[in-house]
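# What the coordinates show
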Amino acid sequence: MVNFFMDLLFPQMECCICRQPGLYSTRRPWCRSCQEQLIKLQGMLPICDRCGKYLVEGDGPLCQDCQTRTPPFKLSRAVGPYEEPYRISTKVLKFLGRRQLAYRMGKMMAAVVKKEPRFWPIDMIIPVPSTKASIKQRGFSQTELLAQQISKELKVKMYPHLLIRVKETPSQRECTREEREKNLLQAFDVRKADCIKGKNILLVDDVFTTGSTSRECARTLLDNGANQVNVITWATGKGC
Ligand SMILES: [Zn+2]
Ligand SMILES: [Zn+2]
């Protein structure tokens, strides 16, 4: 119903990815050829069995990163590679505030979770908390929007305020892995540890790049008593 009004109030006159003119909606925010491209890139290359990153030649079944440092999460998977059209759709959702996109992206993320038995059982869904600065700037948290949709699809409750940011981190895009990890150290905390005790948690983020954020969030949840943490993201990078 909300989607219906959103479409009525904010009709989309172009594909949100390639800007092909037409009438688009929450259920169909991008054109057929962009959809085909998204599907085509899914599962094209071998991925790391643990963190889901696309492997560089010669690696396998685990990437270099997972071989040297076992991640605290059990499994991480993404819908596709962090390249076009996956890259642009993340940016449109994040920077242009096309909330409607989260509906379709969340649906595709939920489909990946549904077909991977190792994700189950899932007791609760928790989004990676956005920085206060980014929520203030955009008025919403893109990870929470995605988690909301995944929660509807999987019929598992989403808890947006249990995992919180206790340290604001500068923009991580330009940072090296070492800088990212240093910035993220002790950046998260759990509000009501009782609620996550013994629970199997699905953590939701938009992009998995170095994996530093997922690692730190998962570690925080496990330190606070969670039984197991798995991660689902929209896109993921290649190699280390
Ligand atoms: Zn398009
Ligand atoms: Zn890996």
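Residues numbered from 1 in each chain as written. Chains lettered and ligands numbered in written order. Predicted model: local features only at pLDDT ≥ 70, side-chain atom pairs only at ≥ 80, totals over all residues. Heavy atoms only, no water.

### So, the packing of aromatic side chains
Following the criterion strictly, the structure yields three aromatic pairs and no others. Between the aromatic rings of Trp30 and Trp234, the centroid separation amounts to 6.2 Å while the plane-to-plane angle is 35°, which identifies the pairing as tilted. Placement of Trp30 in the loop between strand S2 (21-24) and helix H2 (32-41) and of Trp234 in strand S8 (residues 228-236) is noted, with a sequence separation of 204 residues between them. For the pair formed by Trp30 and Trp234, the shared burial category is buried. (Phe/Tyr/Trp six-rings, centres within 6.5 Å; stacked < 30°, edge-to-face > 60°. Helix = DSSP H or I, 4+ residues; strand = E, 2+ residues; numbered from the N terminus. Buried < 20%, exposed > 50% of the residue type's maximum accessible area, 1.4 Å probe, protein only.)

### Comments concerning the coordination of the zinc ion (ligand 2)
Around the zinc ion (ligand 2), the donor atoms from the protein are Cys48 (SG), Cys51 (SG), Cys63 (SG) and Cys66 (SG), and they sit 2.3 Å away. Coordination at the zinc ion (ligand 2) comes from four donor atoms whose angles at the metal span 107 to 114°, giving a geometry best classed as tetrahedral. Mapped onto the sequence, the residues coordinating the zinc ion (ligand 2) show the spacing C-x2-C-x11-C-x2-C. One end of the pair, Cys51, is in the loop between H2 and helix H3 (64-68); the other, Cys63, is in the loop between H2 and H3, and 12 residues separate them in sequence. Comparing Cys51 with Cys63 shows no difference in burial state: the two are buried. (Donors = N, O, S within 2.8 Å, 3.2 Å for Na, K, Ca; no water. Tetrahedral: all angles 85-135°; square planar, octahedral: opposite > 155°, others 65-115°.)

### Points about the side chain of Arg104
Mapped onto the secondary structure, Arg104 falls in helix H5 (residues 101-115). Here Arg104 is buried and forms no salt bridge, its nearest opposite-charge partner Glu153 lying at an N-O distance of 8.9 Å. At 3.1 Å, the side chain of Arg104 forms a polar contact with the backbone oxygen of Arg27. (Lys, Arg positive; Asp, Glu negative; His and termini not counted. Salt bridge = Lys/Arg side-chain N within 4 Å of Asp/Glu carboxyl O. Polar contact = N/O pair within 3.5 Å; in protein donor to acceptor, adjacent residues only side chain to side chain.)

### Remarks on the sheet that holds S8
Reading across the sheet, the four strands line up as S3-S8-S7-S4 and stay open at both edges, with parallel pairing between neighbours. Only two strands of the sheet have a single neighbouring strand rather than two, namely strand S3 (75-81) and strand S4 (124-127). Taking the axes of each pair of neighbouring strands and ignoring which way they run, one obtains an average angle of 20° across the sheet. As judged from the eight bridges shared by strand S7 (residues 200-208) and S8, these two strands associate in the parallel manner. Its bridge partner lying in S8, Val207 is registered against Ala235. The sheet contacts of helix H4 (residues 86-95) involve S3, S7 and S8, and relative to S8 the element is tilted by about 100°. Packing against the sheet, H5 makes contact with S3, S7 and S8, and its axis sits at approximately 130° to S8. (Pairing = 2+ DSSP bridges. Axes fitted to C-alpha atoms, helices over the stretch in contact; angles between N-to-C directions. Contact = heavy atoms within 4.5 Å.)

### Brief notes about the side chain of Gln149
Mapped onto the secondary structure, Gln149 falls in helix H7 (residues 142-154). According to the relative accessible area criterion, Gln149 is buried, its value standing at 8%.

### Considerations on the coordination of the zinc ion (ligand 1)
Here the zinc ion (ligand 1) is held by Cys15 (SG), Cys18 (SG), Cys31 (SG) and Cys34 (SG), and the distances to it run 2.3 Å. Metal-centred angles of 106 to 118° between the four donor atoms at the zinc ion (ligand 1) mark the site as tetrahedral. Every donor residue of the zinc ion (ligand 1) comes from the same chain, spaced as C-x2-C-x12-C-x2-C. In this pair, Cys15 sits in the loop between strand S1 (12-14) and S2 while Cys34 sits in helix H2, placing the two residues 19 residues apart along the sequence. Accessibility classification places Cys15 together with Cys34 in one group, the buried group.

### Re the pattern of salt bridges
This model, assessed by the stated rule, comprises 14 salt bridges. Taking the shortest distance from any N to any O, the salt bridge between Arg69 and Glu181 comes out at 3.1 Å. Placement of the pair is Arg69 in the loop between H3 and S3 and Glu181 in helix H8 (residues 177-184), with a sequence separation of 112 residues. Here Arg69 falls in the partly exposed class, since its relative accessible area comes to 30%. For Asp206, the salt bridge is made with Lys94, and the minimal N-O distance between the two is 3.9 Å.

### Focus: the confidence of the model for the chain
Here the chain averages 89 in pLDDT, and 92% of its residues register 70 or above. At the low end of the mean pLDDT range in the chain sits helix H1 (residues 2-9), at 64; at the high end sits S4, at 98. (pLDDT = per-residue confidence, 0-100.)

### What about the pairing of S4?
Burial along S4 is two-sided: the face carrying Met124 and Ile126 and the face carrying Ile125 and Pro127 are both buried. Two strands pair when backbone bridges link them, and S4 and S7 are joined in this way by four bridges, in the parallel orientation. Directly across from Pro127, in S7, lies its bridge partner Val204.

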